[in-house]
Every structure is written in C-alpha cells, then in structure tokens.
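Analysis of the macromolecular model
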Amino acid sequence: MHSRPAALALPSRLAALFPILFLGLVALLTASFIAPKAHAADATPATTHTLIIDTDPGADDVIALLFAMASPEQLKIQALTTVAGNVPLSKTSRNARLAREWAKRPDIAIYAGAPRPLLRTPIYAADIHGSEGITGVKVHEPSQPLAEGNAVDYLIRTLRAAPEKSVTLAMLGPETNLALALTQAPDITRGLRELVLMGGAHFNGGNITPTAEFNVFADPHAAEIVLKSGVPITMLPLDLTHKVLTSPERIAKLRGLGNQAGRTVADILDAYVQHDMQYYGLPGGPVHDATVVAYLLQPSLFKGRKVNVEVDSREGLGFGQTVVDWYGGLKKPANVNWIAEGDAQGFFDLLTQRISRLP
Ligand code: RIB
Ligand code: CA
C-alpha cells in the first residue's frame, strides 16, 4: 500500500482524529452546560442560626439587635435575654424592647435576666451610653411588655428542650445569665451549637482598665465559667472591634437610607463614637456588638485563631483581663476562636444593607 505523501497524509490523520475531537467537544459542551448547576449547588450557603441574643443595650447593642432583626432568613431569633451591664437591668430591658419596636418584630420575646454580676460590685457605663443607655436618641416606654419569667429559667428550659448542638447564643454584654444557667443546669451545653460573644482584649489592651474590656470586667467570674464550659466559643474582642471603625461617610450612608432605622442608627453612632474617638485618638468609633451579628451572617469577613483564653478574676490591676495564649506556649487546650482581623468596609456594607430593610 502506497504511503501517502506527507501533505496528503495530514487530512486523513485529522479525519481519523475527528471522532475523538467530536466526542471531546460534546463532552466539553455537556460539562459546561451542567457546570452552572453544579456550581450553583456548590455555592457557599448563607449561614443560618437558631439564635438567642443575650444583651445589655447599650448603644452598640441596639444597633446589633436592629441588624439581627433585619436578617430573619438567616437568624431565626428565638428570644432576647437582657442583663445588667451598660445601665441597670430595668433600662437594658426597656432598651431591648425599644429595639424590637423600632424593628417591628413583635414576634420576638424578651426575658429579663440577672440584675447584677455574680460576685463583684456592679459597674455601669452610662458615661459612654448615656443615662438611659442609648446615646443620641430619645427613649420612651414601649407598649409591648417583657415575657413572663426570668431569662436564666428561659435559657435552661429552652436549651434542655433543643435538639443537640442546635442553638447559637450571641452574647453582647456581661455573661452573667449564661453563667447562672450553666451553674444551675450544666447539661444545657448539649443544646448549644456555639457561643459568639463580644468581649475581651489582648493586643489592643482594655477599654475600662488598661488590661480589661468592659463585658468581661463587669463580671469576670461569669466569663470564667463560660470560657470553661466546653461549648465552642468565638470571641470578637477589642483587638477586632477597634479595627472596624465608623467614618463620616459610613454614617452618612446609613443616614441617607431614607428610613427611620437608618436615621436612628446614624444618630446613635454620631453620639456614641465621640468618647472613643477622643479617648483613643481614633478616626472613627467601634460598633462592638454589631460585629457579632456580622460574624453570624458572614463569617468570611473575619479572621481568627483558635487559642487558649482564660480570665484573671483576682483583685488587682489584672482584674477582668482575658489572658490569651496567642502562640500556644502554655500547651493548654484552645477553647476560643479569637477574632483579630476583619473587613471593615465589608462589615459596614452588610450592616447598611440590612438596616435598609427596616421601617
Ligand atoms: O467593651 C464593649 C462592650 O461593652 C460592648 O458590648 C458594649 O455594649 C459594652 O457592653
Ligand atoms: Ca453590650
């Protein structure tokens, strides 16, 4: 059989490859057609939580509560529980009811909890949050009352009845309520998926003393009990919140939403951030508690490290300090996901987008 001249041989070789090329093309088209569906199925699902929020409103607490109540698809809020902290319990409870009214979420029950810390002399932060506990806005007595019963009893019965590891507890103030519940009913850890709390300080230093952050300082014995509970914990400390700061533009964007919620949040922030901006010489102020809600909604905005964290509850200069073993030198179990970095613009974009949903 004559060998074909090279030039002529090429088309026949190509022809021989044709069925393979055709099948490859068909496979490619099929894959590309299917891929979008496969890709869509692989898209990271929005984070969702069955959620209880424990809070001491508090200017930044109110913003966090509005943020959370504006995100019902992702945050199935079971109840709010209030605790004494920034201001006395009667005012933190009234302010939680105000936030509920402003968000038009009458479906959310609010239970009042501990009126004072476990052991230490009560302290408050009215110098920061105003005598009524919410800077920058007028307060009134909301029409909808508190739910019957104490927050600690609510936590115990709810967590006992919950499916295993199903409930996320966000903690925005002193940790007294959960500490009391854990002491009375240690079995409730079974119902907890995770704790996400604003508190503590390491690299940043404290905000109520040079070593301590307010929520931990206000009840260090409670924080000790919570940190030793064995429940997965994520902490958003001052190390993070002091990097996620307001700016005139960011506040103006909230005010410019055109809804009452945007104006309320902007008014609260305009007043709330003044102290920290002056005290720390910062270009803007932190919105501490709202970072907890952003973490619940979009954890990818933040970066942390699993470390061992303990609390110093001895009287003295270190009272209420969170001792963070950042490099693991003590070889103790890492009990906390310690968030130290965050996308500030991403945080404000998310906050603003959710506040825009409110009345
Ligand atoms: O240190 C900041 C924390 O203390 C925030 O939760 C603020 O509301 C106050 O409670
Ligand atoms: Ca708070």
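In what follows, the structure referred to is the one given above.
All values reported here derive from a predicted model rather than from experimental measurement. (Residues numbered from 1 in each chain as written. Chains lettered and ligands numbered in written order. Predicted model: local features only at pLDDT ≥ 70, side-chain atom pairs only at ≥ 80, totals over all residues. Heavy atoms only, no water.)

1. A short note on empty space enclosed by the protein
Taking a probe equal in size to a water molecule and rolling it over the atoms shows the remaining empty space. Put simply, the rule is: Cavity means a closed set of points on a 1 Å grid over the protein atoms alone, one where a 1.4 Å probe fits but cannot get out, pocket means an open set with protein on both sides within 12 Å along at least 5 of 7 lines, and lining means a residue has an atom within 4 Å of a point. Grid points are joined across faces, edges and corners, and a volume is the space filled by probe spheres set on the points. All residues other than Ala, Val, Leu, Ile, Met, Phe, Trp, Tyr, Cys, Pro, Asp, Glu, Lys and Arg, Gly among them, are scored as polar; the first ten of these are nonpolar and the last four charged.
This structure, assessed with the given rule, holds one cavity of 30 Å³ or more. Lining the largest cavity we find Ala84, Gly85, Pro117, Pro122, Ile123, Tyr124, Pro174, Thr176, Ala218 and Asp219. A per-class count over the lining of the largest cavity returns seven nonpolar, two polar and one charged.

2. Digging into helix H6 (residues 176–184)
Note the threshold: Residue burial is assigned from relative accessible area. The probe radius is 1.4 Å, only protein chains are included, and a residue is buried under 20% of its type maximum, exposed over 50%, and partly exposed in between. Think of it this way: any DSSP run of H or I at least four residues long counts as a helix, any run of E at least two long counts as a strand, and we number them from the N terminus. When checking whether two residues touch, look at their non-hydrogen atoms; a contact exists if any pair is within 4.5 Å.
Residues Thr176, Asn177, Leu178, Ala179, Ala181 and Leu182 constitute the buried set of H6. Contacts from the buried residues of H6 go to strand E1 (49–55), strand E2 (75–82), helix H5 (151–161), strand E4 (167–171), strand E5 (192–198) and helix H8 (220–227).

3. A look at the site of ligand 1
Here is the rule: One heavy atom within 4 Å of a molecule or strand is enough for the residue carrying it to be called near that molecule or strand. Any pair of N or O atoms that falls within 3.5 Å is considered a polar contact. Within protein, one atom must be able to donate a hydrogen and the other to accept it, and sequence-neighbouring residues count only if both atoms are side-chain atoms. We get accessible surface area from the Shrake-Rupley algorithm with a probe of 1.4 Å; when it comes to residues, only the shown protein chains can shield them. Put plainly, a molecule is in a cavity or pocket when over half of its atoms are within 2 Å of the grid points there.
In the neighbourhood of ligand 1, 13 residues make up the surrounding shell, with Asp60, Leu172, Asn207, Glu213 and Asp289 lying closest. Asp61 is positioned such that a nitrogen or oxygen atom in its side chain is 2.8 Å from an oxygen atom of ligand 1. At a separation of 2.9 Å, an oxygen atom of ligand 1 approaches a polar side-chain atom of Asn215. Burial of ligand 1 by the surrounding chains reaches 98%, relative to a free accessible area of 270 Å². Because more than half of its atoms lie within 2 Å of the grid, ligand 1 is assigned to the largest pocket. Those elements that provide at least two residues to the shell around ligand 1 are helix H2 (59–69) and helix H7 (214–217).

4. Thoughts on the pairing of strand E3 (residues 109–112)
As a reminder of what qualifies: Any two strands with at least two DSSP bridges between them are considered paired.
Sheet analysis places E2 next to E3, joined by four bridges and oriented parallel. If you follow Thr82 over to E3, its bridge partner there is Ala112.

5. Comments concerning the packing of aromatic side chains
Using the following cut-off: Centre distance within 6.5 Å is the pairing criterion for rings of Phe, Tyr and Trp, where only the six-membered ring of Trp is used; planes under 30 degrees apart are then read as stacked, over 60 as edge-to-face, and the remainder as tilted.
Applying the stated rule across the entire model yields seven aromatic pairs. Centre to centre, the rings of Phe67 and Phe347 are 6.3 Å apart; their planes meet at 75°, and the pair counts as edge-to-face. Residue Phe67 is found in helix H2, and its partner Phe347 is found in helix H13 (residues 344–355); the two are separated by 280 residues along the sequence. For the pair Tyr111 and Tyr154, a centre-to-centre distance of 4.3 Å together with 15° between the ring planes defines the contact as stacked. You can see Tyr111 sitting in strand E3 and its partner Tyr154 sitting in helix H5, a full 43 residues away along the chain. Since its relative accessible area comes to 7%, Tyr154 is described here as buried.

6. Concerning the layout of surface pockets
The space that makes up the largest pocket amounts to roughly 300 Å³. Around the largest pocket sit 22 residues that line it, and Ala125, Ile128, His129, Asn207 and Phe214 are the ones nearest its centre. Among the secondary structure elements, those contributing two or more residues to the lining of the largest pocket are H2, helix H4 (126–129), H7 and helix H11 (260–280). Classifying every residue of the lining of the largest pocket by side-chain character gives eight nonpolar, seven polar and seven charged.

7. Points about the nonpolar core
The criterion, for reference: Nonpolar core, defined: a set of buried Ala, Val, Leu, Ile, Met, Phe, Trp, Tyr and Cys residues in which side-chain atoms within 4.5 Å join the residues together.
Counting residues in each nonpolar core, the largest one holds 64 residues, and the members touching the most others are Ile53, Phe67, Ile77 and Phe347. When residues of this core are assigned to their parent elements, the largest contribution, nine residues, is made by H2. Ignoring anything within four residues of it in the chain, the contact list for Ile53 reads Leu65, Ala68, Ile77, Ala79, Leu80, Thr81, Ala170 and Leu172. Counting residues in hydrophobic clusters, the runner-up holds 36 residues, among them Ile52, Leu155, Ile188 and Ile233.

8. Describing the sheet that holds strand E8 (residues 321–325)
The pairing of strands in a sheet comes from backbone hydrogen bonds and takes either a parallel or an antiparallel form. Put simply, the rule is: Interaxial angle, 0 to 180 degrees, is taken between N-to-C directions of lines fitted to C-alpha atoms, where a helix line uses only the stretch in contact.
One open sheet holds the nine strands; their spatial order is E3-E2-E1-E4-E5-E6-E9-E7-E8, and the pairing between them is mixed. Strands at the two margins of the open sheet, each flanked by one partner only, are E3 and E8. Adjacent strand axes in the sheet meet at a mean angle of 30° when their direction is disregarded. For strand E7 (residues 302–312) and E8, the ladder comprises five bridges, and the chain directions are antiparallel. Note that in E8 the partner of Val309 across the bridge is Val324.

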